[in-house]
Amino acid sequence: MNLQNVKKEMPIWKKLTRLIVATTLVAVTLQTFSFGGGTALAATKTTTTKTTAKAKPTPRPTPKPVPTLSVPAWVNTKQEPITSGAYLRNYVWSAIRGDKEIHSDVAIVEVDLQNPNVKMDVMTGKNSQVANVQSVRGMATETGAVAGTNGDFFNTQTVGVPMGAEIAQGQIVTTPQWGTPGFYSFAIDKDNKPVIDLFAFQGTVQTVDGATYNLDGVNKSYYWTEVPYVHHAMDNSMIIYTNAWADEVRALDRQTDLIEVLVENNIIKEITDSGYLHEIAPKDGYILRTEGISAGFVKQHMKVGDPLKTQYSLTPVDSSKQYDTKGFKMMISGQTILVDGGKQTAFSRVDADLGGYRSRTGVGYSKDGRYAYMITVEASGDSSGASLAEFQQIMVAAGIWKGMNLDGGGSTQMVARPLGESTTQLVNQTENSYERPIANGLGVFSLAPKGTTVKGLILTGPAAVFLNEKAVFTAKGYDEYYNPIEVPASVQWTSPNAKGTFTQNIFTANQIGTAKITASLGAASQSMNVQVLNRADISSLTLVPSTSYLSEGASIQLSLKLKTKTGIVRTISAEGFPMELTGFKGEITGNTVHVTSLAGSSMGQITVHYDGFSSMLTLPIGQKKLWTDFSKIDFPITFLKTPNEVTGLAENVTGLISGDPNNSAVRLKYDFTQGTGTKAAYAGFGDVNVGVNVYGEPQGISLRVYGDNSLNMLRAEVIDADNDKNLIDLAKNINWSDWKTIEADLTQYHLTYPIKITKIYVASPELGQDERQKIGEIAFDDISFHYKNDLPQLSKNQVQLTINKKTMLVNGSKISIDQPPVIVNGSTLVPVRFVIEQLGGTVKWDPTERKVTILRGSDLIDFWVDQTNFNMDGNAATALVAPQILNNRTMVPLRVLTEKLGWKVTWDEKTKTVLLK
């Protein structure tokens, strides 16, 4: 939701619009209508109709009932201190939008401006510089903020500079755009009082001969003015760029008669003949960017070695207001005013980019000026976002006395540090599941002294555990200022209701039910309840393999994904759970299945059990096909890099490292010592914009790699049939030397086939580069792709049964059965073994649990006699009637079999006959 620059054509557009509106109003009259509880005006055509007879009145339509909220409009769902003087409060705001009830998640950081242990300030991009965007969480991590939101609008087509004024740590960083009215700013003065108002910039430069020239701003990107007329703001401008501007180029979007002046310690050091200096301003100076008339002023009045004086400040647009802006501790700008005097107020700007129901960010303060509020509304998932008018209502509901709009939409981000944690976490879900790098943000900082006492504990650990699982719990502490404090190892762990035992912080449950977990340290104590699961608690249990197929000699790591009926979701190692292998030979070690033989196998199945609840994983047999060993290739290998400062080499060589003179492999050398940001060195295959074809629908990739123990990442890039580029993680870090075969599962990337491979490359992400080698060399060969075979076809027999008849037809042949189908409470029960075996499945009976298990293809169903609950492929479900034992035969509901196993069923009411096929 970033405002784009106004274009020159806009005045014509606006004039035409006004002309159209004015012309239209000649032919209309106005009538009122109701919208959202308020009154507005609507335009209706006025027509005159001559009548000769009295018209019959048209009956009025029955008005639709006005929907009412089913829940309170404003509900506080959670609140927690962030630090001394700052709280995070979560709300749900509900309203009627049109004729539907909507709900939006709202997060508010409340800051006590009179608390000496906390302050608000601006966070500016990376390294506290403009033109150097960064996410809110990244800025908070870099600056040590304990909470923050996104801040000012910025033009995404430029280098990322706040559109409005910014003061950080008491220093002016950027200034308002002149000629673009209605952009409000939030500031805190020297007495810690909040201010929301309109501000302008004034400043001059004075040369040694006494000549002066008006400055147009500080650290500004190019933009277009709106009033008194539209023009490029850089025309004839003189703008100061300080060391806070991160780019060597300043506001470049066109060819101009540009001159720049370098000033250090108020002395002119350099003047360009034309163009840029191509450097960043020094810390003890600045660069003047001039063009047009102002460039002429430089030529006439400035020369190297002359002293130069500048003075500038921010002033209120309303001259009747008095602010000591030089005493402002911070300022961040946004857009329209939203709330004034605790009420919705008229917008100071209306921009098309801000329409719709979007994520919103704002800032405001309380009536007494003691509290400042950073507020976000989420538009993601079940949260419905807000229009600007709704955002006003939300601010009023939150108790904001005066509030303004900050950037929103895809920029909306709020972070806060949870109790006991040392870093911030994202509070809201972003619109695009992406933390957009932005120009600046509003941060909250703790000024409290280091605490000496553990005031409280925060416990973390699984909310649901299995019997005999060794579950790890941790305790983190916070001090008297709600800041994190180290918790010594002497913390005591207990389970007061004896549902399990502790070994240090590892809990082993030995009884079904709710276990109480307690950690104690001195006067601080905290407890949490943990569900010890039985079968009835499980909603689903799924085996998750590390590969989607079986291959001889493979090692498959298994994890279990659990979902309880109370909504708890966990993924844990399958180690320790009873498992059985069917259809292939293998060994189980911990959570790993080692495939030893696939002789005679058409597929393999792994079944896991817990408290009578089973889940089965069916895997097809896979095969590996060599794509290339690089001995004969019909495409070139090329070296590519990012950023441009990276150097290296990619080449296909023979006899490399392995000692085999006939062996070919690709060598990739790289040097990451220069440049900034994430760095990568690529071995490109053929035309890297197109890639090289890969046969079929591969499920995995493997290759031999000679590692350099650099801890850099190893990746491949493939382009799928949708022309989407997919980055395949081959190794999170290269932590080995010598040759090693590595594999990657492709199924997790949801590729559209066919695919093409474009590159294999080494990458060093920006974060943590100091821990990785900057210069290195790897090699790779024998790239193979893995494919899975189809699962065997199931039996296509047709089975016909008749209610209360002891025969059934299988493909037209009569077979006797000793227990006929019956109808119980309107549901048909069938003898399970007779039916399943004729349809190609098997049946197992467990007399201890009185459980019958059906296995057919990749399906597993567990029924318990006289219980309506059953398990289908690891998912708990409920039948209308329970299975029964009649004449020593287990009878199960036909509806469950047909719905869950996908059979086509034909019912003949007249003959009471069921046909399954």
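Computed from a predicted model, the values in this text were never measured in an experiment.

### Quick word on the pairing of strand β62 (residues 813-816)
Part 1 of the argument: As judged from the four bridges shared by strand β61 (residues 807-810) and β62, these two strands associate in the antiparallel manner. Counted as the bridge partner of Leu809 is Lys814 from β62.
Part 2 of the argument: Counted along the chain from β61 to the antiparallel partner β62, the turn is two residues long, and its residue Asn811 has a positive phi close to 50°.

### Considerations on the packing of aromatic side chains
Part 1 of the argument: Tallying each qualifying case throughout the model produces 27 aromatic pairs.
Part 2 of the argument: Between Phe201 and Tyr312, the ring centres sit 6.0 Å apart and the planes meet at 45°, which makes this aromatic pair tilted. Here Phe201 is found in strand β11 (residues 194-206), whereas its partner Tyr312 is found in strand β18 (residues 309-316), with 111 residues between them in sequence.
Part 3 of the argument: A relative accessible area of 17% places Phe201 in the buried class.
Part 4 of the argument: The class for Tyr312 is partly exposed, based on a relative accessible area of 25%.
Part 5 of the argument: Ring geometry for Phe502 versus Phe507: centroids 5.2 Å apart, planes at 45°, classification tilted.
Part 6 of the argument: Given the relative accessible area of 0%, Phe507 is considered buried.

### Some words on the nonpolar core
Part 1 of the argument: Counting 41 residues, the largest nonpolar core has Ile82, Val109, Met120, Phe186 and Val444 as its most contacted members.
Part 2 of the argument: Once residues lying within four places of it in the same chain are set aside, the contact partners of Val109 are Ile82, Tyr87, Leu88, Ala147, Ala372, Tyr373, Met374, Met414 and Val444.
Part 3 of the argument: Core analysis: the second largest hydrophobic core is formed by 39 residues, Val666, Leu703, Leu714 and Phe780 among them.

### Thoughts on the sheet that holds strand β38 (residues 513-521)
Part 1 of the argument: The four strands lie next to each other as β31-β39-β38-β35, forming an open sheet whose pairing is mixed. If you trace the sheet from one side to the other, it starts and ends with β31 (464-465) and β35 (492-494), each paired once.
Part 2 of the argument: Both β31 and strand β39 (residues 524-532) contribute to a ladder of two bridges, which runs parallel. Paired with Val465 across the strands is Val532, a residue of β39.

### What about the pattern of salt bridges?
Part 1 of the argument: Taken as a whole, this structure holds 33 salt bridges when the rule is applied.
Part 2 of the argument: Notably, a salt bridge pairs Glu226 with Arg349, separated by 2.8 Å at the nearest N-O pair. In this pair, Glu226 sits in the loop between β13 (217-218) and β14 (238-241) while Arg349 sits in the loop between β21 (343-344) and β22 (360-365), placing the two residues 123 residues apart along the sequence. Residues Glu226 and Arg349 agree in their burial class; the two are buried.
Part 3 of the argument: A salt bridge links Arg715 to Asp729, with the shortest nitrogen-to-oxygen separation between them at 2.7 Å. Of this pair, Arg715 sits in strand β55 (residues 713-719) while Asp729 sits in strand β56 (residues 725-731), and the two are 14 residues apart along the sequence.
Part 4 of the argument: For Arg715, a relative accessible area of 21% corresponds to the partly exposed category.
Part 5 of the argument: Taken together, the salt bridges that share partners define one network made up of Asp235, Asp253, Arg254, Arg289 and Glu291.

### So, helix α4 (residues 388-397)
Part 1 of the argument: Those residues of α4 that fall on the buried side of the exposure criterion are Leu388, Glu390, Phe391, Gln392, Ile394 and Met395.
Part 2 of the argument: Gly399 occupies a position one or two residues after α4 and carries a positive phi of about 85°.

### Let's talk about the sheet that holds strand β30 (residues 456-460)
Part 1 of the argument: Taking strand neighbours across the sheet as the criterion, the three strands line up as β30-β33-β34 in an open arrangement whose pairing is antiparallel. Every interior strand has two partners, whereas the edge strands, β30 and β34 (484-485), have only one.

Criteria and cut-off values
- Residues numbered from 1 in each chain as written.
- Predicted model: local features only at pLDDT ≥ 70, side-chain atom pairs only at ≥ 80, totals over all residues.
- Heavy atoms only, no water.
- Pairing = 2+ DSSP bridges.
- Helix = DSSP H or I, 4+ residues; strand = E, 2+ residues; numbered from the N terminus.
- Phe/Tyr/Trp six-rings, centres within 6.5 Å; stacked < 30°, edge-to-face > 60°.
- Buried < 20%, exposed > 50% of the residue type's maximum accessible area, 1.4 Å probe, protein only.
- Core = buried A, V, L, I, M, F, W, Y, C linked by side-chain atoms within 4.5 Å.
- Contact = heavy atoms within 4.5 Å.
- Salt bridge = Lys/Arg side-chain N within 4 Å of Asp/Glu carboxyl O.

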